[in-house]
Amino acid sequence: MPGSLRIGKIFGIDIYIHISWVIILVLLTWSLAVGWFPVLYHGFSAVTYWVLGFIAAVLLFVSVLLHELAHSVVARARGLPVKNITLFIFGGVSNIEKEPGSPGVEFQMAVVGPLTSLLIGVLAFVLLFLLGQYSSALAAILWYLGLANILLGIFNLIPGFPLDGGRVLRSIVWKIDGNLRRANGLWLGFIGWFLLSSAQSANSEVMLQSVFRGVTVSEVMNTAPTTVPANISLQKLVDEYFLPLGLRSAFVIQGDRLAGLITLSDIRHVPREEWGQTPVGLAMIPRDRLHIVSPQQSLNDVLPLMAGRDVNQLPVVQDERLVGVLSRDAIVRYLEIRRNLGLEDGQKAA
Ligand SMILES: [Zn+2]
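Please read these numbers as outputs of a predicted model, since none were measured by experiment. The residue numbers shown here count from 1 along each chain, following its written sequence. Totals for whole chains, interfaces and linings use every residue, but because this is a predicted model, local features are given only for residues with pLDDT of at least 70 and side-chain atom pairs only at 80 or more, for both listing and counting. The basis for the side-chain values is all heavy atoms of the structure; hydrogens and waters are excluded.

**A closer look at the packing of aromatic side chains**
For clarity, the cut-off: Working definition: a ring pair exists when centres of Phe, Tyr or Trp rings (six-membered ring for Trp) sit within 6.5 Å. Plane angles under 30 degrees give stacked, over 60 give edge-to-face, the rest tilted. For helices the rule is a DSSP run of H or I covering at least 4 residues; for strands it is a run of E covering at least 2, with both sets numbered from the N terminus onward.
Applying the stated criterion across every chain, the model contains five aromatic pairs. Measuring from ring centre to ring centre gives 6.2 Å for Phe37 and Tyr144, while their planes differ by 65 degrees; the resulting arrangement is edge-to-face. Taken together, the residues span a long stretch of sequence, with Phe37 in helix H1 (residues 19-40) and Tyr144 in helix H4 (residues 137-157) at a distance of 107 residues. Linked through ring pairs, Trp36, Phe37, Tyr41 and Tyr144 together constitute an aromatic cluster.

**Overview of the packing of H1 against H4**
Formally: Between N-to-C directions, angles cover 0 to 180 degrees, with each direction set by a line fitted to C-alpha atoms, over the stretch in contact for helices. Any angle between 65 and 115 degrees counts as roughly perpendicular, while under 35 counts as roughly parallel, over 145 as roughly antiparallel, and the rest as oblique. Two helices that cross are described as forming a left-handed crossing if the nearer one is turned anticlockwise from the farther one by less than a right angle, and a right-handed crossing if clockwise. Note on contacts: a residue pair is in contact if any heavy atoms of the two residues lie within 4.5 Å. Only Asp, Glu, Lys and Arg are considered charged, only Ala, Val, Leu, Ile, Met, Phe, Trp, Tyr, Cys and Pro nonpolar, and every remaining residue, Gly among them, polar.
Packing of H1 against H4 leaves a shortest axis separation of 12 Å and a crossing angle of 115 degrees. The orientation of H1 relative to H4 falls into the category roughly perpendicular. In this structure, H1 meets H4 at a crossing whose hand is right-handed. Where H1 abuts H4, its residues Leu28, Leu32, Trp36, Phe37 and Leu40 lie against Ala140, Ile141, Trp143, Tyr144 and Leu147. Its residues assigned to classes, the contact of H1 with H4 shows 10 nonpolar, no polar and no charged.

**Concerning the sheet that holds strand S5 (residues 227-229)**
To be explicit about the condition: Here, strands pair whenever DSSP counts at least two bridges between them.
One open sheet accounts for four strands, arranged S5-S6-S7-S8; its pairing is mixed. At either margin of the open sheet sits one strand with a lone partner, and together these are S5 and strand S8 (285-286).

**Remarks on the nonpolar core**
For the record, the criterion: Working definition of a nonpolar core: buried Ala, Val, Leu, Ile, Met, Phe, Trp, Tyr and Cys residues. They are joined through side-chain atoms within 4.5 Å. Relative accessibility under 20% of the residue-type maximum defines a buried residue, over 50% an exposed one, and the middle range a partly exposed one, all with a 1.4 Å probe and only protein chains included.
If you look at the biggest cluster of nonpolar residues, it comprises 34 residues, and the most contacted ones within it are Leu32, Phe37 and Tyr144. Within the residue set of this core, elements represented by two or more residues are strand S2 (13-18), H1, helix H2 (46-77), strand S3 (82-88), helix H3 (103-131) and H4. Residue contributions to this core peak at 12 residues, all from H2. Formed by 18 residues, the second largest nonpolar core is a distinct cluster that contains Ile232, Ile262, Ile267 and Met284.

Set out below in structure tokens:
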């Protein structure tokens, strides 16, 4: 391939880097340094994120090289001359000069690449497990490398020629009908592109998830919500609570238990001349029609409820007692405070 630079020789096979691969190295380092690592790991310095990004990108490059070497070594062992391996923007190419002569050889040559990636991935996870802690720089790299290689292995096994999975499938079809279809002999990895785009799209989701990871409802809720008794009249509710306090809704309490929610529109549904005789408990939305959360629930579990139901506030109940209210405002405030404290590097970068 023109524009390629020879960087060395392994097992007698020339290894080339195409100029386009440098672009992927830079992009990958950048996306890891400002996206992936800051989102998943808090508290490192900016320099550390860049060093981590670079090391992880280079190690991914080594992983791809090992994947291609596996193809080439098996090919050569089966009597197919291997000219070289070139790493370029879409991953790696093993330039093997002849098509395999039998479906068995094709199968072995193809399957060994993804197996190598899966093996590296498993190895990284085993090392991470042995390391025993998951928040250090080393752990961050092992986790990324493990994930990337497992994805790489799985992605390459999907039957889409010219990826490895396509060759595995072709070898099986070939074995069955005994007839080699002519096809492009290149083995493409599509790794850089694949990992880059998947890492980017995962970022925004991972970002919110990671901001709220380990945060419970009790940490964000308002612990002193305004409540109203169930037995007062609507007239008293309007005169003593809604108008003076500027409320649009309030949770209704009976004894010390949550009984329901009363809103402006519930009040409007009762004719004004009946306000004096109608108790709040009769006009409110009863408790069993409300969605209730507990203080120990994680915010990540509760957020979809709010988004999906177009609910602005959720009562937080423990042992039948209203202990707080989780509102959209409170969540936004929580995010703002964290951002002002500089706790959200990942969010700004993504
Ligand atoms: Zn491959």
